[in-house]
Protein chains: 6
Amino acid sequence: MTASSSSSSSYPRPYPTLNPPPSDFAVKLEAPGVLHVSLSRGKLNPWSHTMTLEMRRIFDTLATDPLVDVVVLSGEGRAFCAGLDVGSSQLADLASDEGEEPAQPDPARIAFGLKQHIDEFQASLTSMEKCMKPVISAVHGIVFGLGVDLMCATDIRYADEESRFCIKEVDIGLCADIGSLQRFPKIVGNDSIARELAMTAREFGSEEALRIGFLSKVTKGGREGAVAAALATAALLVTKSPVALRSTKQVMLHARDHSVAEGLDYVSTWNSAMLQSRDIPKAMAGALSKQKIRFSRL
Amino acid sequence: MTASSSSSSSYPRPYPTLNPPPSDFAVKLEAPGVLHVSLSRGKLNPWSHTMTLEMRRIFDTLATDPLVDVVVLSGEGRAFCAGLDVGSSQLADLASDEGEEPAQPDPARIAFGLKQHIDEFQASLTSMEKCMKPVISAVHGIVFGLGVDLMCATDIRYADEESRFCIKEVDIGLCADIGSLQRFPKIVGNDSIARELAMTAREFGSEEALRIGFLSKVTKGGREGAVAAALATAALLVTKSPVALRSTKQVMLHARDHSVAEGLDYVSTWNSAMLQSRDIPKAMAGALSKQKIRFSRL
Amino acid sequence: MTASSSSSSSYPRPYPTLNPPPSDFAVKLEAPGVLHVSLSRGKLNPWSHTMTLEMRRIFDTLATDPLVDVVVLSGEGRAFCAGLDVGSSQLADLASDEGEEPAQPDPARIAFGLKQHIDEFQASLTSMEKCMKPVISAVHGIVFGLGVDLMCATDIRYADEESRFCIKEVDIGLCADIGSLQRFPKIVGNDSIARELAMTAREFGSEEALRIGFLSKVTKGGREGAVAAALATAALLVTKSPVALRSTKQVMLHARDHSVAEGLDYVSTWNSAMLQSRDIPKAMAGALSKQKIRFSRL
Amino acid sequence: MTASSSSSSSYPRPYPTLNPPPSDFAVKLEAPGVLHVSLSRGKLNPWSHTMTLEMRRIFDTLATDPLVDVVVLSGEGRAFCAGLDVGSSQLADLASDEGEEPAQPDPARIAFGLKQHIDEFQASLTSMEKCMKPVISAVHGIVFGLGVDLMCATDIRYADEESRFCIKEVDIGLCADIGSLQRFPKIVGNDSIARELAMTAREFGSEEALRIGFLSKVTKGGREGAVAAALATAALLVTKSPVALRSTKQVMLHARDHSVAEGLDYVSTWNSAMLQSRDIPKAMAGALSKQKIRFSRL
Amino acid sequence: MTASSSSSSSYPRPYPTLNPPPSDFAVKLEAPGVLHVSLSRGKLNPWSHTMTLEMRRIFDTLATDPLVDVVVLSGEGRAFCAGLDVGSSQLADLASDEGEEPAQPDPARIAFGLKQHIDEFQASLTSMEKCMKPVISAVHGIVFGLGVDLMCATDIRYADEESRFCIKEVDIGLCADIGSLQRFPKIVGNDSIARELAMTAREFGSEEALRIGFLSKVTKGGREGAVAAALATAALLVTKSPVALRSTKQVMLHARDHSVAEGLDYVSTWNSAMLQSRDIPKAMAGALSKQKIRFSRL
Amino acid sequence: MTASSSSSSSYPRPYPTLNPPPSDFAVKLEAPGVLHVSLSRGKLNPWSHTMTLEMRRIFDTLATDPLVDVVVLSGEGRAFCAGLDVGSSQLADLASDEGEEPAQPDPARIAFGLKQHIDEFQASLTSMEKCMKPVISAVHGIVFGLGVDLMCATDIRYADEESRFCIKEVDIGLCADIGSLQRFPKIVGNDSIARELAMTAREFGSEEALRIGFLSKVTKGGREGAVAAALATAALLVTKSPVALRSTKQVMLHARDHSVAEGLDYVSTWNSAMLQSRDIPKAMAGALSKQKIRFSRL
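- The name given to chain A in an unreviewed UniProt entry is ClpP/crotonase, with Pseudomicrostroma glucosiphilum as the source organism.
- In its Sequence similarities (unreviewed entry) section, UniProt records this for chain A: "Belongs to the enoyl-CoA hydratase/isomerase family."
- Recorded in UniProt for chain A, the comment headed Pathway (unreviewed entry) runs: "Lipid metabolism; fatty acid beta-oxidation."

**A word on the sheet that holds strand β8 (residues 164-166) of chain B**
All names here are of chain B.
Here's step 1: With respect to topology, three strands assemble into an open sheet ordered β6-β8-β9, the strand pairing being mixed. Each having just a single partner strand, β6 (142-144) and β9 (204-205) make up the two edges of the open sheet.
Here's step 2: The sheet contact formed by β6 and β8 spans three bridges and is parallel. Among the inter-strand pairings, Val143 is bridged to a residue of β8, identified as Phe165.

**As for the domain arrangement of chain A**
All names here are of chain A.
Here's step 1: Under the domain assignment used here, chain A contains domain 1 (8-237) and domain 2 (242-289).
Here's step 2: Here the C-alpha centre of domain 2 lies 27 Å away from the C-alpha centre of domain 1.
Here's step 3: Tallying the contact residues gives 13 residues for domain 1 and nine residues for domain 2.
Here's step 4: Taken together, the two surfaces of domain 1 and domain 2 that pack against each other cover about 920 Å², and 57% of this comes from carbon and sulfur.
Here's step 5: Viewed at the interface, domain 2 and domain 1 are joined by three salt bridges.
Here's step 6: Asp155 is the partner of Lys249 in a salt bridge, and the nearest nitrogen-oxygen pair spans 2.9 Å.
Here's step 7: Scanning the region where domain 1 abuts domain 2 turns up five residue pairs in polar contact (both at pLDDT 80 or more).
Here's step 8: Of all the secondary-structure elements, those providing two or more residues to the side of domain 1 that touches domain 2 are β4 (68-75), α3 (107-130) and α5 (180-188).
Here's step 9: In terms of residue class, the side of domain 1 that touches domain 2 is built from seven nonpolar, no polar and six charged.

**Examining the interface of chain C and chain F**
Here's step 1: In this assembly, ten residues from chain C lie in contact with ten residues from chain F.
Here's step 2: Between chain C and chain F lies a buried interface of about 740 Å² when both sides are counted; carbon and sulfur atoms form 52% of it.
Here's step 3: Inspection of the chain C/chain F interface yields zero salt bridges.
Here's step 4: Put simply, the parts of the chain that give the side of chain C that touches chain F at least two residues each are α9 (242-256) and α10 (260-274) of chain C.
Here's step 5: Among the elements that take part in the side of chain C that touches chain F, α10 of chain C stands out by supplying seven residues, more than any other.
Here's step 6: Taken together, the residues that form the side of chain C that touches chain F break down as three nonpolar, five polar and two charged.

**Thoughts on the relation of the copies chain F and chain D**
Here's step 1: Once chain F has been moved 0.0 Å along the axis and rotated by 120°, it coincides with chain D to within an RMSD of 0.0 Å. Both copies are brought into coincidence by an operation consistent with a three-fold rotation axis. Minimal C-alpha separation from the rotation axis in chain F is found for Gly189 of chain F, amounting to 2.4 Å.
Here's step 2: When the interface residues of chain F are mapped onto chain D, a mere 7% of them again fall at the interface, so the copies present different faces.

**Observations regarding the pattern of salt bridges**
Here's step 1: Inspection of every chain in the model, using the stated rule, returns 126 salt bridges over all chains.
Here's step 2: For Lys115 of chain A, the salt bridge is made with Asp119 of chain A, and the minimal N-O distance between the two is 3.3 Å. Within this pair, Lys115 of chain A and its partner Asp119 of chain A are both found in helix α3, separated by four residues, close to a single helical turn.
Here's step 3: Since its relative accessible area comes to 3%, Lys115 of chain A is described here as buried.
Here's step 4: Across the salt bridge formed by Lys168 of chain F and Asp171 of chain F, the nearest N and O atoms sit 3.4 Å from each other.
Here's step 5: By relative accessible area, which is 29% here, Lys168 of chain F ends up partly exposed.
Here's step 6: A relative accessible area of 26% means that Asp171 of chain F is categorised as partly exposed.
Here's step 7: Taken together, the shared-partner salt bridges connect Glu129, Arg183, Arg256 and Asp257 of chain A into one network.

Conventions adopted
Residues numbered from 1 in each chain as written. Chains lettered and ligands numbered in written order. Predicted model: local features only at pLDDT ≥ 70, side-chain atom pairs only at ≥ 80, totals over all residues. Heavy atoms only, no water. UniProt positions renumbered as here; feature names shortened; annotations may be inferred. Pairing = 2+ DSSP bridges. Helix = DSSP H or I, 4+ residues; strand = E, 2+ residues; numbered from the N terminus. Domains from an automatic or database assignment. Contact = heavy atoms within 4.5 Å. Buried area = accessible area lost by both parts, 1.4 Å probe. Salt bridge = Lys/Arg side-chain N within 4 Å of Asp/Glu carboxyl O. Polar contact = N/O pair within 3.5 Å; in protein donor to acceptor, adjacent residues only side chain to side chain. Nonpolar A, V, L, I, M, F, W, Y, C, P; charged D, E, K, R; others polar. Least-squares fit on C-alpha atoms with pLDDT ≥ 70 in both. Buried < 20%, exposed > 50% of the residue type's maximum accessible area, 1.4 Å probe, protein only.

Here is the structure:
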């Protein structure tokens, strides 16, 4: 089935592949190949343990679903994400030993439980990075703590002009552990500003976020404006060869974490298969004829 | 002893833990938990071999001293640091073989001596990076050669608007070897500008330094202005949980030098202990009650 | 022979060391120690397989030639480089199995051929990075696809104000594999903008390229302006100690791909030999006497 | 519940946590804390795609199950595992494009499918490595191809004296891709013998496998002998502190893939939590009193 | 042309692809697909600078020559290789500055020359490792210094029972720099014995070399016996799919230098192309029918 | 002063450089250039915190002392080292929070203290690895826990035939954290046997230790025999060029922790200085004349 084969259908429409649908996310197909995943838990989308589990299920599902080429991530309500819902998270339980001798909690056993919990939490957000399909975050309002972690695991970041960002964790007595400290400095490419923001928990706005390279674009009109800009970019991306697009994401993720020499060896290995794609002559013919090409699903 | 237990004392006051006090640095407690380390060797603070030894002793001492939570680094006199004092350094001696057959210097034996000398020199500056407590550099005037190396090993960088920076080494016939070539590109996240500045030894001012991300803030009023801004940030940082603050520094240093996957595993291991801290419920309670929290010393 | 020993000769003049001269490049000595390598294949310099072979020969030759200290890379005609000349490249041939049983092409055998082809192509551009002598690219007009790969392998990048850049590969159905995806994000230090540009194949101009750190300087006056600026920087660089200059390039390339600790060990090993250079006392004496120094060839 | 709280129960007994039970594996608790996982698919246990899925489910389940401390892996029937069941695997399907234009299979799209398939397959076996609980393989008879991959992902390897091993893949026209080429050389610590065995597909017996370090022990009596030896070691391991045992596995896996310096930093971070365990005073008291200790479940 | 298509030709016969033939090596085709490269410089094959250049030319040539599938490396005369021919090497010249001011040699300029010389020397031997075709060394007599470096860069090592090995460099006042210190410990997998042998320059015989894993096989009958054993293994290897064989070498070299996780990702990328090979169904059909298969050249 | 200049002096004799002498070690010069460091704390040499501090001081001192070329490490009394002296170590104190609110110990603050303690402990043993001079351990009797850690940080390992080894930590409820889990698998090159020994805490004797490659030699005659063998090897090593010997240690340590390609680049950089040594012509002349050479001190 080609990307446009369902173009007569009305969009947006439900996303049939996820069954049962998640409870704290709204997921819908906005256009052929474009899936919109929205945090949908109250006005400020405080993150619950349920969301950790659901996010991983959503992205593991769409990763292999030929109906999806590009993903937009946003938050419903007044803000993208105000951070962790401390009450709903498992942290409080985990940080006390629920074993057989509760009177003497064992810090080692608690530590095993906490590490496993953090690893799962990280894996949930990393599922966005691993899915090989471009993910565009479109945020508005408060983007604190986990909200920043979420954005860091996406590929392209847009925000409404009135968004407010904060690497908040140090203010609740801990160091961020779901990805911001690892990814943010590599996104903005500036270890200096990253350290300052993480150590002071200072709020910063969209303009500064754009200037330091955390954002690619600042939009107007609140959530709607940000999402519209993301959907426009998504509409552009679905016209590209999916072989080329996913290869680019995979190869860039590899390059980020390796030396240039290792990255070059990896991409030449990768492309030894991919350069045999029929998409290349198709794309070249399209470029010559100035006609739009329909690439096969991948 | 809590951070504020000595709040009735007058500040600044001497730093009692270092004994004997260093000769080429002025070290004093500016506020509870805030240590101010100043280069203090003539007007331009040319760096001597004594300073290499003293800096390491200062930072190895404060690293484990519960009286210190945050460090400010500045230079007394007309400039932060004009570079290496070639006469006072050991380089000239080292570069000629002082062995038993001086008539035939052995380049290999000289090389062993030079490597050991450079390793020690690097270790002295790296002691700032390793101490786990945030270090804010506040500079003014000329910041050449070793002055840039010094700033690169701090976490947050402020400078007076009239500061002048230069990766000067190539102009005296050598490649910088005390950290600038390793850290500067990762601080500014721009390999291109880093190579140009290092190859041409071109001077650049505070405005450009801010724009490329070497500085977090440009201040007015000479040394006083820069130091005042640094002390203000230090005053903010000492209100944070020291568990959270030091964890953040340690984890970000690890992340800088590892892949994202390795960084995530490290922080989840780290936080398996740290999330058991009593600072977290304290900080959360403080956030709810809007009251200021006193964290225990670490 | 010292750098200025041929200063009475007229420049530019032919580069005698390359024999036979390449067919698709113009190579000349613009000044003592300064080699200018120009793409010279039609108006838009579409890249041919011949150029891959010739570029490697040029840079392997100049790497060990004491006549050359600095290199300027530009493109003759209307543009620096419009990308790969698909017809002239070997890709079409390689992507179909030319073995004994053409009726049933074997994707594995094709893959071996493609990997070898990409590896050779990469090695050609990497020869610029490996040559230890600073390479300054000075571009104008269209800089698409391979044009960006080429710039990424140089040390300093200047461009005319009307240049247009594009990481174009995704538009012809493939992921870039000659270095842009590996080097561009480390040059600009911003993984976010790099991913967006590579995924969308969006064109960007000189102003944006300067802002994100891909360029060090934007010039006026078309190709001439860009080349003049590059030659001016080259003229500055040839006055430096070649020991210091090449060491700086080598050490920064190592630092880019290693942790800070590994980089520090490498530079102290490197400098254990290089600090014994006679260039250092020469340079210091020159700095004191304010006289120009002539360093020996390296 | 302590490890011995169910000592009055009869063993072996079913493993209740897996529900529904897998179809191609027999899984039972052989003793308190000791789970025995047996390949159970015909006489030679040819590996099916179902087994890939079931193995991951088994190990993901037991990884967090406090009933399990140690795992024994064996094969029912005449052999541990004769390799991949080519008919039952998905490879044949995957290697031909099942897309919309079957007449022109696209090698790039096939490659995406194959990579995803191999990644899943690897993840299934890696689940043994990741589960933090020691896994002892006890094999007999033919151990070819995937059989070797399976053993490589376990911690301790025992085999009957008449076992026959072979890294067989090269004989069916491919290079092994489920872990043998990565793990075998690091297990035996001898790159030379590893390359010879992988390139020639030469069979080798238990004696040679012991000598080169692939096995820790050679047993007599066929499958029963090997399993009995493994269960005896498992019985020893369940008497150890689970904090110590799992820490040891985790830390050694990290050390295998990192430099000594990185490994040391990791274990000191790890043990900053684990040295707070109540198991340490318990174990010390036990050592002094020569009494057997019961450690709490983890 | 299939591997056996020239089976009616008489072997050994000259190797036509190398032109002109090297002066210090004898190179001949011993059987279809099997190239025998012999050091041929006097009785003890002392290594000359010419040999460095010729070896690289030989291996760069055969790397892409479809006539060659497997290589055997041996030494004519009384020994495989007694080490560097100090007189014929360039070291003596390089270690003194031949620049403009010979009275004052510059250790830094000498160092540049030496590094370039060592890099070239290393690259020559590394060409054996990089050629993707299995290389079997078959040695006899004295194997000292560079002789060990040479063997370390091959895949499989056989030796006559009376061979004598020595990592000799420390006895002539230097540390080995052409690969032994890097590869030997990873071949034998025993850092301890490697350090002892390198530090003491102690001779060791074939039996010990076999026991520590440096050799795969010890043969009788001097050079003839070792070469015959190597040719027998080569005869076996040429019956394998060249896709499988070369993939195995490439993937194992990658695995040696990376973590298991990185190695697994690399091989799944590699095999996403290679599993599409027609060799796999051919090999499987051959295995079922017990008939010998002819694979196409690669 | 050359190595033999004090040959008329009587040996063994005190080591004058260490002042004050350590309390729990006996340190003496056994021969010119050969320092013997013995654990000297009761019959079984249980390790105390004092020893951690003293060992670092000893090795930091000898690292730069021209009187010392080679070190032998042994234990006086009935055993090399029976492990940590739990009573004398700081662990018990550290594992409980000695802060202001002892009733509620903070696991996070305890963790900071523990990490710092382990880091210091590791650094003490790593000082043997870092000192660049070969260290030979010569052990007898019980070698448990820390005793194995100590041996792992030396270069060459000899043991009396009746020695008994054990990676004991798991039996006292913790995972070894002073180096065994990092170094032992790389010493024996066998991850399999390393995991089994670490997980089971099984004792093993000298014969097995020799077979798996942990030892280079097994001696007779108790402590005297082992020490005599080590001194004989030390006597051989002091006749070598110290430039060559220390280079070999440094380069092999680097190679152990890096890829072959990185190791090759490092050694060519290293030797670009070291090949300029006067020791090389001296050593060559000595080899020709069969005369003993005296190398200058380093």
